[in-house]
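# Structure at a glance
The chain contents come next:
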Amino acid sequence: MTQLGSMGIDLPVDFFSWPLLRNGILSKTLVIFLAGVAASGKTTLGRALASAQDWRFVDADDYHSAKNIKKMRSGHPLSDEDRWPWLRRLRGEIQSKCVLSNVTIVVACSALKTEYRQYLSGSGEDYHARWFIFEPVENVIVERLKDRTGHYMGAQMAASQLSVFEPPIDPEEWLSIESPIPMLIQHILGRLASD
């Protein structure tokens, strides 16, 4: 057994390989997407999960254009026209990282619509995508956005994010927005192991 950092979660030493081997996709990189509206906790969970497992972390916010950031900072929601170049840059980055190594990648990305998730999931040729999506609890989201400092996504953006958000098709992809990080990590690893 091995412990995940200071999380106190015990798992078999060979945990990282056996779910992929069982599904016959050992040669493909596993990409774990953490999605949801702004302030769900995607980045916080993503960094913790990647650090605990020695996986690679990618924050989709890093791939927004200066134009997109300026638009959001001014309180205007992004359109599909704004989002698609961003999503293409992100998918290209994921694919390039997959070519370089088979290290599992954790991606924090809003991916508010089903079509965005389908696009980021790729063709299945380069990598195996697994999605986990935070439940959109409006009062929690608004309070977290109000408490943020130095981020371009303000509380005024909550309504537009919630109006665009499409729930996952598979209810087992849901993550509780108010669950502690260690519990969320354990949940995700448990779901991966049962795939």
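The rules behind these values
- Residues numbered from 1 in each chain as written.
- Predicted model: local features only at pLDDT ≥ 70, side-chain atom pairs only at ≥ 80, totals over all residues.
- Heavy atoms only, no water.
- Helix = DSSP H or I, 4+ residues; strand = E, 2+ residues; numbered from the N terminus.
- Buried < 20%, exposed > 50% of the residue type's maximum accessible area, 1.4 Å probe, protein only.
- Salt bridge = Lys/Arg side-chain N within 4 Å of Asp/Glu carboxyl O.
- Expected span 1.5 Å × (residues − 1).
- Contact = heavy atoms within 4.5 Å.
- Pairing = 2+ DSSP bridges.
- Axes fitted to C-alpha atoms, helices over the stretch in contact; angles between N-to-C directions.
- Polar contact = N/O pair within 3.5 Å; in protein donor to acceptor, adjacent residues only side chain to side chain.
- Left-handed = near helix turned anticlockwise from the far one by under 90°.

### Notes on unusual backbone geometry
- Positioned with a positive phi, A39 is a non-glycine residue whose angle comes to about 75°.
- The backbone of D54 shows a phi angle near 60°, a positive value even though the residue is not glycine.
- For D54, the position within the fold is in the loop between α2 (42–53) and β4 (56–59).
- A residue is classified by how much of its surface remains accessible, and D54, at 66% relative accessible area, is exposed.

### Digging into the pattern of salt bridges
- Using the criterion set out here, one finds three salt bridges in the structure.
- Notably, a salt bridge pairs D80 with K113, separated by 3.1 Å at the nearest N-O pair. Taken together, the residues span a long stretch of sequence, with D80 in helix α4 (residues 80–100) and K113 in the loop between β5 (105–108) and α5 (114–120) at a distance of 33 residues.
- Assessed through its relative accessible area of 29%, D80 is described here as partly exposed.
- A residue is classified by how much of its surface remains accessible, and K113, at 16% relative accessible area, is buried.

### A few points about α2
- Its 12 residues give α2 an end-to-end C-alpha distance of 16 Å, which sits within 8% of 16 Å, the value for a rise of 1.5 Å per residue.
- Every buried residue of α2 is accounted for by K42, L45, G46, A48, L49, A50 and Q53.
- Looking at the buried side of α2, the elements it contacts are β3 (29–35), β4, β5, β6 (127–134), β7 (174–175) and α8 (181–194).
- Looking one or two places after α2, you find D54, whose phi comes out positive at around 60°.

### Things to note about the sheet that holds β3
- Taken in spatial order, the five strands line up as β4-β5-β3-β6-β7 in an open sheet, and their pairing is parallel. In this open sheet, the two edge strands, each paired with only one partner strand, are β4 and β7.
- Direction of pairing for β6 relative to β7: parallel, over a ladder of two bridges. When the sheet's bridge partners are listed, F134 is paired in β7 with L175.
- Those strands touched by α2 are β3, β4, β5, β6 and β7, and its axis lies near 165° from that of β4.
- Running at roughly 170° to β5, α4 makes contact with β3, β4, β5 and β6 of the sheet.

### Observations regarding the side chain of K113
- Among the polar contacts made by the side chain of K113, one reaches the side chain of D80 at a distance of 3.1 Å.
- Excluding residues that lie within four positions of it along the chain, K113 makes contacts with D80, V164 and E166.

### A word on the environment of L87
- Mapped onto the fold, L87 is located in helix α4.
- According to the relative accessible area criterion, L87 is buried, its value standing at 0%.
- Taking the C-alpha atoms as reference points, L87 and Y119, separated by 32 residues in sequence, lie 8.2 Å from one another.
- If we ignore the near neighbours within four places in the chain, the residues touching L87 are C109, Y116, Y119 and L120.

### Re α8
- The first and last C-alpha atoms of α8 sit 20 Å apart over 14 residues, in line with the 20 Å expected at 1.5 Å per residue.
- Along α8, the positions that sit buried rather than exposed are L184, I185, I188, L189, R191, L192 and A193.

### A few points about the packing of α2 against α8
- It is the contact of α2 with α8, at a shortest axis distance of 10 Å, that shows an interaxial angle of 65°. For the pair α2 and α8, the crossing hand works out as right-handed. The segment α2 lies against α8, with T44, L45, A48, L49 and Q53 engaging I181, L184, I185, I188 and L189.

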